[in-house]
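Coordinates in review
Chain residues, written in single-letter form:
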Amino acid sequence: MSKIIAISNQKGGVGKTATAINLSAALASLKRRVLLIDMDVQGNSSRGFGIDITLVNNSIFDVLIGKININKSIKKTMVKDLDIIPSKPIITSLESYINKNEQNSYLIFKKCLGDLESEYDYIIVDCPPSLGFLTLNVLVAANTVLIPVQCEYFATEAITQILSSVSRIQSQYNPELGIEGFLLTMYDSKSSFADEICNQVRGLFKENTFLTRIPRNVSIPESNAKGLPVTLFRPTSSGALAYISLAKEVIDHEER
Ligand SMILES: Nc1ncnc2c1ncn2[C@@H]1O[C@H](COP(=O)(O)OP(=O)(O)OP(=O)(O)O)[C@@H](O)[C@H]1O
Ligand SMILES: [Mg+2]
């Protein structure tokens, strides 16, 4: 059975998409079968694999509104064992369209995943920077949530906020939802307070914080611009090595 991991944090620009792309590619390089689903209208995960989202016909949104079957939306990527369901820009409100037709609109994504014919070890879902309709649908379907947290002031406050959102989802919709982990991102070894922030987060949330932290590394935005995961674009960069190490930790969680 697939493990469904939501990559979520309502805060913008914290490294959700970089993590979705590069963790997916790293898991595939470790011989796991992976499906990445781009659930953000910005389409940055899709672009990260060189997909022109203005040309996408069969997007995850076409699946959610019942226009196509989920199996028709899957595309292969340049990475062996890694498939993607792309996003596309949408102008009309998806939520209002769906609400007219569905009673339990928060269950739509979960139902669509139930139709998947291919088998995957991991389904990684890149969420938008909000706790709206799309993220709710993902968190209802997910087994765990992986939360990228930028190494900056107020990181612990941000985590406390997210934990309260997760416990609301657990109590109302998905009691099985687990925390895959907090991932410290954009760590800058030259910044004097980055270590302080890391220690603070580890001190308070030790059990749930990944040992791996993702360094600030220019290869990550550069690989993005090239439409490749960093593990392919620059496999020996500090960013690529960190995402491989994260993937190993995620795999180790299966044995917990
Ligand atoms: N480790 C890193 N080192 C350097 N740049 C990074 C790193 N991780 C992400 N970035 C860059 O920071 C920007 C924001 O990252 P990303 O898009 O992954 O964040 P996000 O949380 O998905 O944003 P949004 O909330 O808008 O979806 C991007 O330009 C990305 O290339
Ligand atoms: Mg993003």
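This report concerns the structure included in the present document.

Reading the values: the criteria
- Residues numbered from 1 in each chain as written.
- Chains lettered and ligands numbered in written order.
- Predicted model: local features only at pLDDT ≥ 70, side-chain atom pairs only at ≥ 80, totals over all residues.
- Heavy atoms only, no water.
- Helix = DSSP H or I, 4+ residues; strand = E, 2+ residues; numbered from the N terminus.
- Buried < 20%, exposed > 50% of the residue type's maximum accessible area, 1.4 Å probe, protein only.
- Lys, Arg positive; Asp, Glu negative; His and termini not counted.
- Salt bridge = Lys/Arg side-chain N within 4 Å of Asp/Glu carboxyl O.
- Polar contact = N/O pair within 3.5 Å; in protein donor to acceptor, adjacent residues only side chain to side chain.
- Contact = heavy atoms within 4.5 Å.
- 1 Å grid on protein atoms, 1.4 Å probe; cavity = no way out; pocket = protein on both sides within 12 Å on 5 of 7 lines; lining within 4 Å.
- Points joined across faces, edges and corners; volume = space filled by probe spheres on them.
- Nonpolar A, V, L, I, M, F, W, Y, C, P; charged D, E, K, R; others polar.
- Core = buried A, V, L, I, M, F, W, Y, C linked by side-chain atoms within 4.5 Å.
- Pairing = 2+ DSSP bridges.

**A closer look at the side chain of Glu249**
Its place among the elements puts Glu249 in helix H11 (residues 238-253). Among buried Asp, Glu, Lys and Arg side chains, Glu249 stands out as unpaired, with Arg202 the closest opposite charge at 7.1 Å. For Glu249, the side chain forms a polar contact with the side chain of Thr212, separated by 2.6 Å. Beyond its immediate sequence surroundings of up to four residues, Glu249 is in contact with Phe210, Leu211 and Thr212.

**A closer look at empty space enclosed by the protein**
On inspection of all chains with the given rule, the structure shows one cavity of 30 Å³ or more. For the largest cavity, the calculated volume is near 50 Å³. What lines the largest cavity is Ser8, Asn9, Gln10, Leu131, Leu139, Val145, Ile147, Ile162, Ser165 and Val166. Going through the elements one at a time, strand S6 (144-150) and helix H7 (155-172) are the ones with two or more residues in the lining of the largest cavity. Sorting elements by how many residues they give to the lining of the largest cavity places H7 first, with three residues. Looking at the lining of the largest cavity, its residues break down into six nonpolar, four polar and no charged.

**Brief notes about the nonpolar core**
Formed by 50 residues in total, the largest nonpolar core has its most connected members in Ile37, Ile60, Leu64, Phe109, Leu113 and Ile123. At seven residues, helix H6 (residues 133-141) tops the list of elements feeding residues into this core. If near-sequence neighbours (up to four positions away) are discounted, Leu113 is found in contact with Ile4, Ile37, Ile70, Ile123 and Ala141. Counting residues in hydrophobic clusters, the runner-up holds 33 residues, among them Ala25, Leu183, Ala247 and Val250.

**Quick notes on the pairing of strand S4 (residues 82-85)**
Burial of the side chains of S4 extends over both faces: Leu82 and Ile84 are buried on one face and Asp83 and Ile85 on the other. Summarising the sheet, strand S2 (residues 34-38) and S4 pair through four bridges and their orientation is parallel. Note that in S4 the partner of Ile37 across the bridge is Ile85. Bridge count between strand S3 (residues 75-76) and S4: two bridges; the pairing is antiparallel. Looking across to S4, one finds that Lys76 is bridged to Asp83. Counted between consecutive antiparallel strands, the loop separating S3 from S4 contains five residues, among which Asp81 sits at a positive phi close to 70°.

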